[in-house]
Amino acid sequence: MNKKLLFLIIFGILIFSVRLVNINEAIYDDESNFAYSLTVMNDSGFNEKYYSPQLLNLIYQPFVYFFGLSTWIFRLIPWLFGILNTIFVYIFATRNFGEKSAFWSTFLMLIAFYPTLASLQFDVEGNLVMFSIMLMFFSYLEYEKTENKKRKFGWQILSGLGLGIAILSKYNSVFIVVVLILYSLIKR
C-alpha cells in the first residue's frame, strides 16, 4: 500500500474520531429548526410547518424511527457524509488529477474548517448537497472520458441524478447548470 494513502487513512480515522467526540454537543438555532422539522414531517418526509429539504428528512426517517429524536442522531448523518465526502474527494482527485493532487486535496478536506464544520453540523448544505454536486461533476467528467455509448448514458444519468438531488435539497444549486453550460461551451 502507498505510504501516503496509509497516512491519509490513519490520519482520517484520527480526525473523524476527534469529530465524533462532539457528536452530542448542544444544537444551535438553525439546527433546532431542522430537528423540529423531523418531528412534524409526514411519512413521505414533507412537513407543512417548517421548510426543510424532503430528501434530507427521508434520509433521517429510519434513524429517527430506530433511535429516536436525539442530538447524536442529528449529527450522525453529517459525520457519515463527512467520511463519504472525504473518500469521494480522494477518488475524484486521483481519477482526474493524479496521486499528488489526491493526497493534498484529501488532506485539506481533513483539516480545513468548512469540511470539519460540515461533518458536525446538522444541515443540508455541508453534507448532502456537497456529496451530490461532487457526484454530478465526477459523473460528468467520466461521461466525457468514456467512449462506450451505454456507459456514456449511465454517466449522464448519474450526473443528472447528482444535480437533481442537489437542486431538490437546496434550490440555489440550480446555478450549477450555468457552470456546466459554460464549461461545455468552453470545452467545445
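Residues numbered from 1 in each chain as written. Predicted model: local features only at pLDDT ≥ 70, side-chain atom pairs only at ≥ 80, totals over all residues. Heavy atoms only, no water.

**Student:** In this structure, what is going on with the confidence of the model for the protein chain? I would like to understand it.
**Tutor:** Regions with low pLDDT carry predicted coordinates that are not meant to be interpreted in detail. Residues of the protein chain with pLDDT of at least 70 account for 99%, and the chain-wide mean is 88. Of all the helices and strands in the protein chain, helix α2 (residues 29-40) carries the lowest mean pLDDT, 79, while helix α5 (residues 99-111) carries the highest, 96. (pLDDT = per-residue confidence, 0-100. Helix = DSSP H or I, 4+ residues; strand = E, 2+ residues; numbered from the N terminus.)

**Student:** Got a minute to help me understand the nonpolar core in this structure?
**Tutor:** Burial of nonpolar side chains together is a common tendency in soluble globular proteins. Leu38, Leu56, Tyr60 and Phe122 are the most contacted members of the largest nonpolar core, which has 22 residues in total. Listing elements by their share of this core, those giving two or more residues are α2, α3 (54-67), α4 (71-97), α7 (125-145), α8 (149-169) and α9 (176-187). Ranked by residues supplied to this core, first place goes to α7 with five residues. In this structure, leucine 38 is in contact with Asn57, Tyr60, Val64, Leu69, Phe74 and Phe122, ignoring residues within four places of it in sequence. (Core = buried A, V, L, I, M, F, W, Y, C linked by side-chain atoms within 4.5 Å. Buried < 20%, exposed > 50% of the residue type's maximum accessible area, 1.4 Å probe, protein only. Contact = heavy atoms within 4.5 Å.)

**Student:** Looking at this model, I keep getting lost on the packing of aromatic side chains. Mind explaining?
**Tutor:** Pairs of aromatic rings are described using the distance from one ring centre to the other and the angle between the two planes. Using the criterion set out here, one finds 20 aromatic pairs in the structure. With a centroid separation of 6.0 Å and 40 degrees between ring planes, the pair formed by phenylalanine 7 and phenylalanine 103 is classed as tilted. Of the two residues, phenylalanine 7 is situated in helix α1 (residues 3-21) and phenylalanine 103 in helix α5; the sequence distance between them amounts to 96 residues. For phenylalanine 7, a relative accessible area of 37% translates into the label partly exposed. Their ring planes at 80 degrees and their centres at 5.2 Å tell us that tyrosine 65 and phenylalanine 66 sit as a pair that is edge-to-face. Across this residue pair, the class does not change: tyrosine 65 and phenylalanine 66 are exposed. Through a chain of ring-to-ring contacts, the aromatic side chains of Phe81, Phe88, Phe92, Phe97, Phe131, Phe138 and Trp155 assemble into a single cluster. A cation over an aromatic ring shows up here: lysine 4 above the ring of phenylalanine 103, its NZ or CZ 5.6 Å from the ring centre. The positively charged end of lysine 152 is found above the aromatic ring belonging to tyrosine 143, 4.4 Å away from the centroid. (Phe/Tyr/Trp six-rings, centres within 6.5 Å; stacked < 30°, edge-to-face > 60°. Lys NZ or Arg CZ within 6 Å of the ring centre and 35° of its normal.)

**Student:** Can you walk me through the packing of α1 against α4 in this structure?
**Tutor:** Packed helices, taken two at a time, are described by the angle between their axes plus the distance between the axes. Put simply, α1 and α4 touch, their axes get as near as 11 Å, and they point 160 degrees apart. Here α1 is positioned roughly antiparallel relative to α4, judged by the angle of their axes. Both α1 and α4 take part in a crossing whose hand is right-handed. When α1 is examined against α4, the residues Leu5, Leu8, Phe16, Arg19 and Leu20 are found in contact with a partner set consisting of Trp79, Gly82, Ile83, Thr86 and Tyr90. Here the residues of the contact of α1 with α4 are counted per class, giving seven nonpolar, two polar and one charged. (Axes fitted to C-alpha atoms, helices over the stretch in contact; angles between N-to-C directions. Parallel < 35°, antiparallel > 145°, perpendicular 65-115°, else oblique. Left-handed = near helix turned anticlockwise from the far one by under 90°. Nonpolar A, V, L, I, M, F, W, Y, C, P; charged D, E, K, R; others polar.)

**Student:** Which parts of the structure should I look at to understand the side chain of serine 132?
**Tutor:** Structurally, serine 132 is set in helix α7. Within the structure, the side chain of serine 132 is placed 3.4 Å from the backbone nitrogen of alanine 166, a separation counted as a polar contact. Apart from the residues lying within four places of it in its own chain, the contact partners of serine 132 are Gly162, Leu163, Ile165 and Ala166. (Polar contact = N/O pair within 3.5 Å; in protein donor to acceptor, adjacent residues only side chain to side chain.)

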